[in-house]
Amino acid sequence: MTAIRTRLLVGAGLGVAIAFVVSGGLVYTFTRASVTAQFDQALEAKARSLAAFVELDGDTVEAELDPAGPLGDRDDFEIWSRDRVLVRSTSLGTADLVPSPGTRPILASDSPGTIVARALRDGRAGRQITLRFLPRVEPGQAHRDLPEVVLVLARGTADVDATIGRIAAVLVGVGAFGTLLALAILALAIRLGLAPLRALATSITAIQPGALATRLPPAHVPLEVAPVVARLDELLGRLAFAFERERELTAELAHELRTPLAGIRATIEVALDRDRPTERYRTALTDVLAIAGQTERLVETMLSLARLDAGPSSSSSSSSSSVIAVDALIREVVEPWAQALTARGVELDTCLPAVTITCDREKLRLVLGNLVENAVTYVDDAGRIAIALAADRIEITNTGCTLPAGSEVRVFERFWRGDAARSTGHHAGLGLALCKKLVDVIGGTVDAAIAEGTFTITVRFA
Amino acid sequence: MRALIVEDYAPVRAAVREGLVEHGFAVDVAADGEEGLWLAEQNPYDVVILDVMLPKLSGLEVLTTLRRNGSSVAILLLTARDTVVDRVAGLDRGADDYLIKPFAFAELLARVRALVRRHYDRKNPTIALADLTIDTIQRTVRRGERVIALSAREYALLEYLAVRAGQLVTRTEIWEHVYDFHAEAQSNVIDVYIGYLRKKLGAPPLIHTRRGHGYVMTVEADA
C-alpha cells in the first residue's frame, strides 16, 4: 500500500529536480557560450591587432613586433609567412604552435579567424585562434602575388573556466537547495492538505458496530473528499438500518426459540421430578421430540429466509428452472390436508385448469405449501378455502379471517402474527414472509387482501 | 392451593400443570386469554400463571382487566421477552412476579409457593401451630417428634386450614382451594377427610368444627 503522501512527495520532488536540472543546464550552457564568445572576441581582437603589425616591406613580409613588448606579455603567439617564422612570443621558447587548417587568405582586417579549444604547451586548457591573411601593403605599392601569413594566438582559459565553474557550482547548489526546500514545503503542504483525511480516519475509527447512528462531521471537509464523506455517511445509514433489522430479527428469533425451549425444559424437568412408569417417560420423550421437530422447522425457515436475503447468487446454485404443471403441484400440496379439513367441516373449493409455468419447482412448492398451510391454519371450522388458478395468477382465499383491515402489508413481515400468539403452537409468523421472498426470487408478486372476514393471497407470475 | 395456568403453548401448559398437581396444587388450565380471564374471574385462585403472548386476549390485557375489576389474586407472568421494558410493563400493570422462558420448573414452583405465602401474609415456609410443624416445601408434617404420614389430599387440606389458622374456613372455600375436591362427586368428602386428619393429628385437637359454618384450626379449646 502506497501512501498518497509518499507518492505526491516522490512525484513532486522528481518534477522539481527535473525542472532545476533542465533550467540549470540551460543557464549553464548559455552562460558558458556567452562567456566563451566574449573570450573569443577578445582573442580575435588581439589576433587582429597582432596582424596589423605584419606588412609587406618590399618583397619580404615583416612583423614589426617586439615579442617582449606589451603585446607579447601574456599569450602565446607565432606568425609565419611561407613557412618562415616572422615572430613568436617569448613564452613559446623554441616550441611551435600548430595552426588550424584554414580558408583562403584575405586581408587581415576581414579574415575570419578559426578558433578551437586546444591545450597550451604546458598542458593548461586554452583556446587558439588561427588567422590566415595577406600582409598589409604600403599605400601606392601594388603587389599581385601577396604571400600568405599565418598567425596563431593561444590564450589560457583558466580564468574563464574558473568563472564557469563557479557559475556551475552556484547552479548546482541552488538546484539542490531549491529541490530540498521545495520538498520540505511540499511535505508540509501535503501534511496540512491531508489533515482532513486523518481527521476523517479518526472519526471513522470511532464508529463501532454498536454506534452506527454516528455521522461523519461535515465541517472542514475539503471539496475533493466531500463526496467520499457523503457516500460513507450513506453507507453508514444503510449499515445501521441493516444492523437494526438484523438485531430485531435476532431478538424475534431468540423469542421464538425460547417458547419451544421452555416446553422442552418444563416437560423434561417435570418428568424427571420423580420416579415414574416407563410409559410416562416415553410420553415425555415423544412430546419433546415433537417440539424439537417444530423448532427444527422454525430454524429451517429462518435459514431459508437468511439464504434468500443473502441474494440470488448464493441460492442460484440450487435453483433449476423447469416447466411445472401448477395445477398438479397444487393438488399435491393440498392433498395431505384434505382429511383434516373434511373433519373440521371446511369446504375446499378448487378451480384448477391446466396451467404450466417455468420456474424453480422446489421454490414454487414451498410457496404453495406455505400459502395452503396458512389458509388451513386460519380458516374457521365449517369455513371455506378457495384456490383459483389462472394463466398468470393463483388466488388462495380462506374464511375466518380475524385480521383488522389495513394489516394486508404487515402479514408479510417476519414474526408478525395477527393476534400476537401461536395458536397452533409452532406458528412463528414466518410462512408468508418466506413466500414473499421466494416469489421475489421466482420473479412475481404476492399481495394480500382482507375483506369481510376473508383473507385472500394472490400470487402473480411475471 | 389452587392455581390457574393460562398458556397457549400446549407442551408448557401440560408440563406445568402436571408438575403443580404433583406438588399438591389444584390446577385449572386455559389456552387463550379470554378463557383465562373468565376462569380467573369465576374462581378464587391462590395463584395465576399467565403467559404474555396469548391468542384472543394478551396476558397483559388479562392482567389489566383483573386488576381493574378488583382482583387481588397473585399473578406470575411468563414471558419470552426479556427486555427491561417488557418486564417493567408486566410488573407495572399489577403482576406480582415474572419468569422468563425458558425457566427451571423448580424455580417456577418456588416462586409460586412464595406468591402463595405472600397471598396469606406469611413469610416462613414452615407453619408452626402449638407442637404441630408443617414444612410446606418438603410437604412433611410433624407433631412434636412424631412424623405424621398424610395422603396428598389430607396434606392439601391441612395446609389450607393451617395457612388460614385462627380464621373460619367454610366448606365452599375448602371446595374451591383444595386439591381436586371440587371434582369429587361425594358431597361429604370434606367431612370424611377432616375426620381422617383429626385421627392422624391426635390429641389435643387442633381442628374445630363451627356448626353450620365450617372449620377453624387453632390451639385454643373448642368454645
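Given the structure is predicted, the values throughout are model-derived calculations rather than measurements. (Residues numbered from 1 in each chain as written. Chains lettered and ligands numbered in written order. Predicted model: local features only at pLDDT ≥ 70, side-chain atom pairs only at ≥ 80, totals over all residues. Heavy atoms only, no water.)

Novice: Explain the overall build of chain B here, please?
Specialist: Looking only at helices and strands, one finds eight helices and 12 strands in chain B. For a compact globule of 223 residues, the expected C-alpha radius of gyration is about 17 Å, and chain B comes in at 18 Å, within 12% of that figure. The C-alpha extent of chain B, read off along each of the three principal axes, is 55 × 35 × 30 Å. Here chain B holds 223 residues, and 50% of them are scored as buried. Within chain B, contacts between residues separated by at least 24 positions form 57% of all contacts whose residues are at least 6 apart in sequence. Summed over all atoms, the accessible surface of chain B reaches about 9,800 Å², with 51% contributed by carbon and sulfur. Averaging the positions of the 28 positive and the 31 negative side-chain charges in chain B gives two centres separated by 5 Å. (Helix = DSSP H or I, 4+ residues; strand = E, 2+ residues; numbered from the N terminus. Rg over C-alpha atoms; globule rule 2.2 N^0.38 Å. Buried < 20%, exposed > 50% of the residue type's maximum accessible area, 1.4 Å probe, protein only. Contact = heavy atoms within 4.5 Å. Areas by Shrake-Rupley, 256 points an atom, 1.4 Å probe, with all protein chains shown as cover. Lys, Arg positive; Asp, Glu negative; His and termini not counted. Charge placed at Lys NZ, Arg CZ, Asp CG, Glu CD.)

Novice: Where do I start with the overall build of chain A in this structure?
Specialist: Along the backbone of chain A there are eight helices and 16 strands. For chain A, the C-alpha atoms occupy an extent of roughly 155 × 55 × 45 Å along the three principal directions. Here chain A, with 462 residues, has 36% of them falling under the buried criterion. A separation threshold of at least 6 residues defines the contact pool for chain A, and within that pool the share at least 24 residues apart is 66%. In chain A, 48 side chains carry a positive charge and 55 a negative one; their mean positions are 3 Å apart.

Novice: Mind showing me how you'd approach the sheet that holds strand S11 (residues 207-210) of chain B here?
Specialist: In a beta sheet, neighbouring strands pair by backbone hydrogen bonds and run either parallel or antiparallel. All names here are of chain B. The antiparallel open sheet is built from three strands, whose spatial order is S10-S12-S11. Looking at which strands have only one partner, the edges of the open sheet turn out to be strand S10 (168-170) and S11. Adjacent strand axes in the sheet meet at a mean angle of 35 degrees, parallel and antiparallel pairs treated alike. Pairing of S10 with strand S12 (residues 214-217), which is carried by three bridges, proceeds in the antiparallel orientation. The residue bridging Thr-170 from the neighbouring strand is Gly-214, located in S12. The strands touched by helix H6 (residues 152-163) are S10, S11 and S12; relative to S12, the strand with the most contacts, the crossing angle is about 70 degrees. Contacting S11 and S12, helix H8 (residues 189-201) crosses the sheet at an angle of about 145 degrees to S11. (Pairing = 2+ DSSP bridges. Axes fitted to C-alpha atoms, helices over the stretch in contact; angles between N-to-C directions.)

Novice: I would appreciate a short explanation of the nonpolar core in the present structure.
Specialist: Nonpolar side chains tend toward joint burial in soluble globular proteins. If you look at the biggest cluster of nonpolar residues, it comprises 55 residues, and the most contacted ones within it are Leu-20, Leu-108 and Leu-132 of chain B. When residues in this core are grouped by element, the largest group, eight residues, is from H6 of chain B. The next biggest cluster of nonpolar side chains, apart from the first, holds 50 residues, and it includes Leu-305, Leu-368, Leu-371 and Phe-415 of chain A. (Core = buried A, V, L, I, M, F, W, Y, C linked by side-chain atoms within 4.5 Å.)

Novice: When you look at the domain arrangement of chain A in this model, what are you seeing that I'm missing?
Specialist: Many authors give the size of an interface as the accessible area that is lost as the parts come together. Annotation of chain A at the domain level lists domain 1 (4-164), domain 2 (226-310) and domain 3 (320-461). For domain 1 of chain A versus domain 2 of chain A, the separation of C-alpha centres amounts to 104 Å. (Domains from an automatic or database assignment.)

Novice: Looking at this model, I keep getting lost on the packing of helix H3 (residues 226-272) of chain A against helix H1 (residues 10-22) of chain B. Mind explaining?
Specialist: Packed helices, taken two at a time, are described by the angle their axes make and the gap between the axes. Closest axis-to-axis distance for the H3 of chain A/H1 of chain B pair is 8 Å, and the angle between their directions is 30 degrees. Comparing the axis directions of H3 of chain A and H1 of chain B gives the class roughly parallel. H1 of chain B is crossed by H3 of chain A, and the crossing has left-handed handedness. Facing Thr-259, Ala-262, Gly-263, Ala-266, Thr-267 and Val-270 of chain A of H3 of chain A, the residues of H1 of chain B in contact are Pro-11, Val-12, Ala-15, Glu-18, Gly-19 and Glu-22 of chain B. A class-by-class count of the residues in the contact of H3 of chain A with H1 of chain B yields six nonpolar, four polar and two charged. (Parallel < 35°, antiparallel > 145°, perpendicular 65-115°, else oblique. Left-handed = near helix turned anticlockwise from the far one by under 90°. Nonpolar A, V, L, I, M, F, W, Y, C, P; charged D, E, K, R; others polar.)

Novice: Honestly, the interface of chain B and chain A in this entry has me stumped. Any pointers?
Specialist: On the side of chain A, 26 residues touch chain B, which itself brings 26 residues to the contact. Roughly 2,100 Å² is buried in total at the junction of chain B and chain A, and carbon and sulfur atoms are behind 56% of that figure. Area buried by chain B at its contact with chain A is led by Tyr-9, Met-53 and Pro-102 of chain B, which between them contribute 28% of it. Linking chain B with chain A are four salt bridges. Between Arg-280 of chain A and Glu-18 of chain B there is a salt bridge; the shortest N-O distance is 2.4 Å. Summed over the shared surface of chain B and chain A, the number is nine residue pairs in polar contact (both at pLDDT 80 or more). (Buried area = accessible area lost by both parts, 1.4 Å probe. Salt bridge = Lys/Arg side-chain N within 4 Å of Asp/Glu carboxyl O. Polar contact = N/O pair within 3.5 Å; in protein donor to acceptor, adjacent residues only side chain to side chain.)

Novice: What's the story with the sheet that holds strand S14 (residues 393-399) of chain A in this structure? I'm lost.
Specialist: Residues and elements named next belong to chain A. With mixed pairing, five strands are arranged side by side in an open sheet as S11-S13-S14-S16-S15. Of all the strands in the sheet, just strand S11 (347-351) and strand S15 (444-451) have a single pairing partner and so form its edges. Across this sheet, the average inter-strand angle for adjacent strands is 10 degrees, counted without regard to direction. Bridging between S15 and strand S16 (residues 454-461) involves eight bridges; their strand directions are antiparallel. Looking at S16, one finds that Gly-444 is bridged to Phe-461.

Novice: Can you help me understand a negative patch on the surface in this one?
Specialist: Residue and element names in this part refer to chain A. On the surface, Asp-57, Glu-62, Glu-64 and Glu-138 cluster together to form a negatively charged patch. Along the polypeptide, Glu-62 turns up in strand S2 (residues 60-63). What makes Glu-62 partly exposed here is its relative accessible area of 33%. (Patch = residues over 30% accessible without salt bridge, like charges linked within 9 Å, V, L, I, M, F, W, Y side chains within 5 Å.)

Novice: Can you help me understand the environment of Val-27 of chain B in this one?
Specialist: Residue and element names in this part refer to chain B. Inspection of the secondary structure puts Val-27 in strand S2 (residues 26-30). Here Val-27 falls in the buried class, since its relative accessible area comes to 10%. Between the C-alpha atoms of Val-27 and Val-178, which are 151 residues apart in sequence, the distance is 9.7 Å. Sequence-distant contacts of Val-27, defined by excluding residues within four places in its chain, comprise Ala-3, Ile-5, Arg-17, Leu-20 and Val-21.

Novice: Explain the packing of aromatic side chains to me, please; I cannot follow it from the model alone.
Specialist: Any pair of aromatic rings gets described here by the distance separating the centres and the angle formed by the planes. Residues and elements named next belong to chain B. As enumerated under the stated definition, the model contains two aromatic pairs over all chains in all. Judged by centre distance (6.2 Å) and plane angle (80 degrees), the rings of Tyr-120 and Tyr-160 are edge-to-face. Taken together, the positions of Tyr-120 in the loop between helix H5 (105-119) and strand S6 (126-129) and Tyr-160 in helix H6 put the pair 40 residues apart, joining distant regions of the chain. Judged by centre distance (5.2 Å) and plane angle (75 degrees), the ring pair of Tyr-193 and Tyr-196 falls under edge-to-face. In this pair, Tyr-193 and Tyr-196 are both assigned in helix H8, three residues apart and thus about one turn of the helix distant. Assessed through its relative accessible area of 37%, Tyr-196 is described here as partly exposed. (Phe/Tyr/Trp six-rings, centres within 6.5 Å; stacked < 30°, edge-to-face > 60°.)

Novice: Before we go on, may I ask you to explain the pairing of S11 of chain B in this structure?
Specialist: Successive side chains on a regular strand alternate, one facing one side of the sheet and the next facing the other. All names here are of chain B. One ladder, built from four bridges, connects S11 with S12; its direction is antiparallel. Directly across from Ile-207, in S12, lies its bridge partner Met-217. What sits between S11 and S12 in their antiparallel hairpin is a turn of three residues, with Gly-212 showing a positive phi close to 80 degrees.

Novice: Teacher, can you tell me more about H6 of chain B here?
Specialist: Every α-helix carries 3.6 residues per turn, so stepping three or four residues along brings you back to the same face. Residue and element names in this part refer to chain B. Under the 1.5 Å per step criterion, the end-to-end length of H6 is 16 Å for 12 residues, consistent within 8% with the ideal 16 Å. With 11 of 12 residues buried, H6 is to be regarded as a mostly interior element. By the burial criterion, the buried members of H6 are Arg-153, Glu-154, Tyr-155, Ala-156, Leu-157, Leu-158, Glu-159, Tyr-160, Leu-161, Ala-162 and Val-163. (Expected span 1.5 Å × (residues − 1).)

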